[in-house]
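Results of the structural survey
In case you want the letters, here they are:
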Amino acid sequence: MKRSAYVRPTRATIDLGAFAQNWRALESLLPAESKILAVVKANAYGHGSVEIALECRKLGGAGVGVADVTEAIVLREGGYSGLVLCLGAISKWALAEAVHHQMTLTGFSIQSLEDMADYAGRENAAIPIHLKIESGMHRLGLPQTEWEAAALFLSSHPQIQVEGIFTHLAESENSDRAFTEEQIATFRRAIDFFERRLGRRLIRHAANSGGILFHPAAHFDWVRPGIALYGYPPSPDPPTARFAPALTWKAPILQVKSVARGESVGYNRGFRAEKPMKIATVAAGYGDGFARQYAPVGVGFRGKRCRIAGIICMDLFMIDVSEWHDVQPGEEVTLLGPEKEGAPTARELAAARNTIPYEVLTSISARVSRLFVREEISA
């Protein structure tokens, strides 16, 4: 008899309707000829890469962007057959897997191009790539000092098929636009150089979420939104486009206890009851990605913000439910989600860790179940 897999009771619900709304909000800012290449790195920022990639295809996207071969394999095995662009580096030992899974790769240095050409020559394979240009981020990318050598190399290795060219914007959400404008200017010079040297027009893309929102000059042929697609634009004051967080994280109450005045709760006895209290134990913890630093923020319960009592444990944490007399095991607490439920948003939890919503969302553990729904979003 086949045994069912154990599933932790804490779950993240991903609203594909909200995701589609965010997609349309971004599309409304683009010229008709620009297409969206959705970034689904890190399990689609914690939202479930396969389901999100399949939704992107339904919405008419150009493809999806991933960080490495492993992420691409997950998509292919999950049934996604569209374009997968690896935005990061592929080691020469992983090239066989990348080609087998029909990835489009990134050429970001002379060495990366040489590794791909060596493999393509040995295996008589063609490798589609996009060139990544260094324009000021100083992460991955061909600096201008290597453009000439890269063009010469590519002209003698036709099995490396250059289909696109892109760059990455370092501070596109910043109110000071000068640096981003310099990056765009550098990228335009690279476009002109490589298209002349290769003798054809390439797919051009530069804009991340901030680039879409604040830099129309960076829209080009494709755009590459990440965090805004999931409902968190990189600036709290975006243009008129309306975004809706797509992920809500909940966990059930397991037990409710009465605690006398002066009794302690949790590790290190860090919380002491100042009066007779009711304490509920919730089925989530830092092992699920609900970090210890989130304790001062609290959680949502019955439409209100509810305080956390004591230190968050690996699998559990406790909350003060003294306000209510009828709390029962099985009732759900909202760890992250709609403010109407009293819950903190990813932006609020990020502030508690002195970080950004990206880290909050991608830190939600794989052991948290993902449930996909499609709600109608009101205008």
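Residues numbered from 1 in each chain as written. Predicted model: local features only at pLDDT ≥ 70, side-chain atom pairs only at ≥ 80, totals over all residues. Heavy atoms only, no water.

A few points about the environment of Ile-160
Put simply, the rule reads: Secondary structure elements follow DSSP: runs of H or I no shorter than four residues count as helices, runs of E no shorter than two count as strands, and numbering proceeds from the N terminus. Here the term buried applies to any residue with accessible area under 20% of the maximum for its type, exposed to any over 50%, and partly exposed to those in between, with areas from a 1.4 Å probe on protein chains only. Here, residues are in contact when the closest pair of their heavy atoms is within 4.5 Å.
Take Ile-160: it is sitting in strand β7 (residues 160-166). By relative accessible area, which is 3% here, Ile-160 ends up buried. If sequence neighbours within four positions are ignored, Ile-160 has contacts with Met-116, Ala-117, Ala-120, Ile-127, Ile-129 and Leu-154.

Details of the pairing of strand β6 (residues 127-132)
Applied cut-off: Strand pairing is defined by DSSP finding a minimum of two bridges between the two strands. A right-handed crossover is one whose linking path, passing over the helix from the first strand to the second, runs clockwise when the strands point away from the viewer.
By the criterion of burial, β6 is predominantly enclosed, with six of the six residues buried. What you see with β6 is no split at all: Ile-127, Ile-129 and Leu-131 on one side and Pro-128, His-130 and Lys-132 on the other are buried throughout. Pairing between strand β5 (residues 105-107) and β6: three bridges, direction parallel. By the bridge assignment for β6, Thr-106 is matched with His-130. Bridging between β6 and β7 involves six bridges; their strand directions are parallel. Bridge pairing in β7 places Pro-128 opposite Gln-161. Taken together, β6, helix α7 (residues 147-155) and β7 constitute a β-α-β crossover, and its handedness is right-handed.

Digging into the pattern of salt bridges
Pairs may arise between side chains of opposite charge once their charged atoms sit close together. Our working rule: Each reported salt bridge corresponds to a side-chain nitrogen of Lys or Arg within 4 Å of a carboxyl oxygen of Asp or Glu.
Summed over all chains, the structure comprises 16 salt bridges. Its salt-bridge partner being Arg-8, residue Asp-288 comes within 2.8 Å of it at the nearest N-O pair. Linking Asp-288 in the loop between β13 (277-282) and β14 (299-301) with Arg-8 in the segment before β1 (11-15), this pair joins segments that are 280 residues apart in sequence. What makes Arg-8 buried here is its relative accessible area of 14%. Between Asp-320 and Arg-307 there is a salt bridge, with the nearest N and O atoms lying 3.0 Å from each other. With Asp-320 in strand β17 (residues 317-320) and Arg-307 in the loop between β15 (304-306) and β16 (308-309), the pair connects residues that are 13 residues apart, well separated along the chain.

A few points about the confidence of the model for the protein
Heads up, the condition is: Per-residue confidence from the predictor is reported as pLDDT, which spans 0 to 100.
Residues at a pLDDT of 70 or more form 96% of the protein, whose mean pLDDT is 94. Below a pLDDT of 50 lies the segment residues 1-5, which in the model reaches zero contacts outside its immediate sequence neighbourhood of four places, other chains included.

Describing the packing of aromatic side chains
The following threshold applies: Each aromatic pair joins two rings of Phe, Tyr and Trp (for Trp, the six-membered one) with centres within 6.5 Å, and gets the label stacked for planes under 30 degrees apart, edge-to-face for over 60, and tilted for any other angle.
Evaluated as defined, the whole model comprises twelve aromatic pairs. Their ring planes at 50° and their centres at 6.4 Å tell us that Phe-19 and Trp-23 sit as a pair that is tilted. Highlighted residues: Phe-19 and Trp-23, both in helix α1 (residues 16-27), separated by four residues, approximately one helical turn. Side by side, Phe-19 and Trp-23 carry an identical accessibility label, which is buried. Taking 5.2 Å as the distance between ring centres and 90° as the angle between the ring planes, the aromatic pair formed by Phe-187 and Phe-220 counts as edge-to-face.

Some details on the nonpolar core
Applied cut-off: The definition of a nonpolar core used throughout is a set of buried Ala, Val, Leu, Ile, Met, Phe, Trp, Tyr and Cys residues joined through side-chain atoms within 4.5 Å.
Membership of the largest hydrophobic core comes to 115 residues, with the highest contact counts inside it found for Leu-105, Ile-129, Phe-194, Phe-317 and Ile-319. Broken down by element, this core gets its largest block of residues, seven residues, from helix α8 (residues 178-198). With nine residues, the next largest nonpolar core counts Val-259, Phe-271, Met-277 and Ala-309 among its residues.

Here we look at unusual backbone geometry
One non-glycine residue, Ala-42, lies in the positive phi region at around 50°. As for its placement among the helices and strands, Ala-42 is situated in helix α2 (residues 41-46). Judged by relative accessible area, Ala-42 falls into the partly exposed class, the value being 37%. In this structure, Asn-268 is a non-glycine residue whose phi angle is positive, near 60°.

What about the side chain of His-168?
The cut-off we apply is this: Any N or O atom pair separated by 3.5 Å or less is treated as a polar contact, with the protein-specific requirement of one donor-capable and one acceptor-capable atom, and with residues adjacent in sequence counted only for side-chain atom pairs.
Among the secondary structure elements, His-168 is positioned in the loop between β7 and α8. Residue His-168 is classed as buried on the basis of its relative accessible area of 19%. Side-chain polar atoms of His-168 contact the side chain of Arg-224, separated by 3.2 Å. In this structure, His-168 is in contact with Lys-132, Ser-135, Met-137, Arg-139, Gln-183, Asn-208 and Arg-224, ignoring residues within four places of it in sequence.

Digging into α7
For clarity, the threshold we go by: Directions are taken from the helix axis to each C-beta atom, and the arc is the one they span.
For α7, the full list of buried residues reads Trp-147, Ala-150, Ala-151, Phe-153 and Leu-154. Seen from one end, α7 has its buried residues packed into an arc of 165°, which puts them on one side. Residues of α7 that are buried sit in contact with α6 (110-123), β6, β7 and α8.

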